[in-house]
Amino acid sequence: MVDAGSPASARTNMPVARHVLHVHPNREVWTWAAAVSIAADLRRDLTLQPRARLLLSGGTTPGPVYHALSQAPLDWERVDVGLVDERWLLPDDPESNAWLVRHELLQDHAAPAHFEPMTQAGRNIEGAVATANAHARREATVAVFGMGDDGHTASLFPAMNDFERVMKSQRDYVAIDASGCPGAREWPRRISLTPHGIARIPHRLLLLHGERKRAVFEQALVSGDLERWPVLTTLDSDHGTPLHVHWYE
Ligand SMILES: O=C1O[C@H](COP(=O)(O)O)[C@@H](O)[C@H](O)[C@H]1O
């Protein structure tokens, strides 16, 4: 484990880590380490309050972790599962983030969890954003983030339309127009957590795989330029807790 990022705390003068990098030897260890960490956060929260809340990303990276997590013996009936972001696709579309969550996580032990997909037939994007913000009134316990090779996280893309408005929004979720952003691929219309929404989450994991993504993340840290590298938003928390980055080659 490598501890990194070190602005000094004003009160103690001790360095405060903004992220902790966990380097794993292979995919299996990465998978189980991340799943065990998420399960531990949920279990702890379930001892303190009636329900816990888990927010998940989509994409090609986190599937194995969700699958492993589905085998955790938790009181899943008391867990609400929401999304960090969603492409403007219905949940039964295999390219939607909801589809990934349903097929990889909401199985086995985790089947009884309460899932909140963002999109629904007949719901327009404003309605979907309003519903996501209503769910977000309850603070999430833990969130899982990914990162694209362009440095985007959630659906916060470098050079997306209305970048300033989105990044400064005081709402947890907003609609995204990422037209012209290559990283958004064929889904420029999206819904995403904002930096404000991300900062409210005490436990944040960033799942990375491969040399390319590690190099992108390190380049982002060195640059410190949030506009070019929106993934940097995951470092900041109102709780003062570090981002846990799990990586394997
Ligand atoms: O489009 C998205 O991409 C990111 C990163 O995905 P990956 O395939 O590079 O792992 C993902 O975190 C996000 O949820 C998704 O909407």
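Calculation rules
Every chain is numbered on its own, with residues counted from 1 as its sequence reads. For this predicted model, a pLDDT threshold of at least 70 governs which residues receive local features, and a threshold of 80 or more governs which side-chain atom pairs are given and counted, while totals over whole chains, interfaces and linings are taken from all residues. Heavy atoms throughout the structure, all of them, feed into the side-chain values; hydrogens and water do not. Every helix listed is a DSSP run of H or I at least four residues long, and every strand listed is a run of E at least two residues long, numbered separately from the N terminus. In this setup the radius of gyration rests on C-alpha atoms only. A globule is expected at 2.2 Å times the number of residues raised to 0.38. Remark: exposure states derive from per-residue accessible area (1.4 Å probe, protein chains only) relative to the maximum for the residue type, with buried under 20%, exposed over 50%, and partly exposed in between. Computed with a 1.4 Å probe, the accessible areas rest on the Shrake-Rupley method; for each residue, only the protein chains presented here act as cover. Neither His nor the chain ends contribute to the count of charged residues, in which Lys and Arg are positive and Asp and Glu negative. Charged groups are reduced to one reference atom each: NZ for lysine, CZ for arginine, CG for aspartic acid, CD for glutamic acid. UniProt positions are given in the numbering used here, feature names are shortened, and annotations may be inferred rather than shown by experiment. Buried Ala, Val, Leu, Ile, Met, Phe, Trp, Tyr and Cys residues that are joined via side-chain atoms within 4.5 Å together make up what is termed a nonpolar core. Only heavy atoms matter for contacts: two residues are in contact if any of them lie within 4.5 Å across the pair. The rule for a salt bridge is simple: a side-chain nitrogen of Lys or Arg has to be within 4 Å of a carboxyl oxygen of Asp or Glu. Residues are classed as near a molecule or strand on a simple rule: at least one heavy atom within 4 Å of it. Under this definition, polar contacts are N or O atom pairs within 3.5 Å; protein pairs additionally need one hydrogen-donor-capable and one acceptor-capable atom, and for neighbouring residues in sequence, both atoms have to be side-chain atoms. The way it works is a 1 Å grid over only the protein atoms, where trapped points that fit a 1.4 Å probe form a cavity and open points with protein on both sides within 12 Å along at least five of seven lines form a pocket, and then any residue with an atom within 4 Å of a point lines it. Think of it this way: a molecule belongs to a cavity or pocket when more than half its atoms come within 2 Å of the grid points there. We call Asp, Glu, Lys and Arg charged. Ala, Val, Leu, Ile, Met, Phe, Trp, Tyr, Cys and Pro are nonpolar, and the rest, Gly among them, are polar. Grid points are joined across faces, edges and corners, and a volume is the space filled by probe spheres set on the points. Two strands pair if DSSP finds at least two bridges between them. Crossover handedness is defined by viewing with both strands directed away from the observer: a clockwise path from the first strand over the helix to the second marks the crossover as right-handed.

Brief notes about the overall build of the chain
Thinking step 1. A tally of regular secondary structure across the chain gives seven helices and 11 strands.
Thinking step 2. The C-alpha radius of gyration of the chain comes to 17 Å, within 12% of the 18 Å expected for a compact globule of 249 residues.
Thinking step 3. When its C-alpha atoms are laid out on the principal axes, the chain stretches across 50 × 45 × 35 Å.
Thinking step 4. For the chain, with 249 residues in total, the buried portion stands at 52%.
Thinking step 5. Accessible surface for the chain amounts to roughly 11,300 Å². Of this, 52% is attributable to carbon and sulfur atoms.
Thinking step 6. Counting 25 positive and 31 negative side-chain charges, the chain places the averaged centre of each group 4 Å from the other.

Remarks on the UniProt feature "domain: Glucosamine/galactosamine-6-phosphate isomerase" (unreviewed entry) in the chain
Thinking step 1. In the UniProt entry, the feature "domain: Glucosamine/galactosamine-6-phosphate isomerase" (unreviewed entry) is given for residues 31-233.
Thinking step 2. Secondary structure across residues 31-233 divides into 33% helix and 18% strand, with the first and last C-alpha atoms of the span separated by 24 Å.

Focus on the nonpolar core
Thinking step 1. Of all hydrophobic cores here, the largest spans 75 residues; its most connected members are Leu54, Trp76, Val81, Leu105 and Met160.
Thinking step 2. Not counting residues within four places of it along the chain, the set of residues in contact with Leu105 comprises Leu54, Leu56, Tyr66, Leu69, Ser70, Trp76, Val81, Leu100 and Ala110.

Section: the pattern of salt bridges
Thinking step 1. Enumeration according to the criterion identifies 14 salt bridges in this entry.
Thinking step 2. Here the salt bridges share partners, and the residues they tie into one network are Arg51, Asp80 and Arg138.

Points about the site of the ligand
Thinking step 1. Around the ligand sit 15 residues, and of these Gly58, Thr60, Thr61, Asp85 and Lys213 come closest.
Thinking step 2. Contacts to the ligand include Gly58, whose backbone N or O atom sits 2.9 Å from an oxygen atom.
Thinking step 3. Between the ligand and Lys213 there is a distance of 2.6 Å, counted from an oxygen atom to a side-chain nitrogen or oxygen.
Thinking step 4. Contact with the protein chains removes 92% of the 390 Å² of surface that the ligand exposes when unbound.
Thinking step 5. If you map the ligand onto the pockets, it falls in the largest pocket.
Thinking step 6. By residue class, the composition of the shell around the ligand is two nonpolar, nine polar and four charged.

Focus: unusual backbone geometry
Thinking step 1. The backbone of Asp108 shows a phi angle near 45°, a positive value even though the residue is not glycine.
Thinking step 2. Inspection of the secondary structure puts Asp108 in the loop between α3 (97-104) and β6 (114-115).
Thinking step 3. Its identity is not glycine, yet Ala154 carries a phi of approximately 45°, on the positive side.
Thinking step 4. Residue position: Ala154 is located in the loop between β7 (142-145) and α5 (163-168).

Regarding the layout of surface pockets
Thinking step 1. Considering only enclosed or pocket space, the largest pocket measures out at about 530 Å³ in volume.
Thinking step 2. If you go around the largest pocket, you meet 27 residues; those closest to its centre are Gly58, Gly59, Thr60, Arg87 and Arg185.
Thinking step 3. Listing elements by their share of the lining of the largest pocket, those giving two or more residues are β5 (85-87) and α3.
Thinking step 4. Looking at which element gives the most residues to the lining of the largest pocket, the answer is α3, with three residues.

A closer look at the side chain of Arg200
Thinking step 1. Within the fold, Arg200 resides in the loop between α6 (195-199) and β10 (203-209).
Thinking step 2. Given the relative accessible area of 19%, Arg200 is considered buried.
Thinking step 3. Among the polar contacts listed, one links the side chain of Arg200 to the backbone oxygen of Ala136, at a separation of 2.9 Å.
Thinking step 4. Among residues more than four places away in sequence, those in contact with Arg200 are Ala136, Arg137, Arg138, Glu139, Asp172, Asp238 and His239.

Remarks on the pairing of strand β4 (residues 79-83)
Thinking step 1. Among the five residues in β4, five count as buried, and that is most of the element.
Thinking step 2. Taking every second residue as pointing to the same face, both faces of β4 are buried, with Val79, Val81 and Leu83 on one and Asp80 and Gly82 on the other.
Thinking step 3. Relative to β4, strand β3 (residues 52-56) runs parallel, the two being bridged by five bridges. Within β4, the residue paired with Arg53 across the bridge is Asp80.
Thinking step 4. For the segment spanning β3, helix α2 (residues 63-69) and β4, crossover handedness is right-handed.
Thinking step 5. Across two bridges, β4 lies against β6 in parallel orientation. Looking across to β6, one finds that Val81 is bridged to Phe115.

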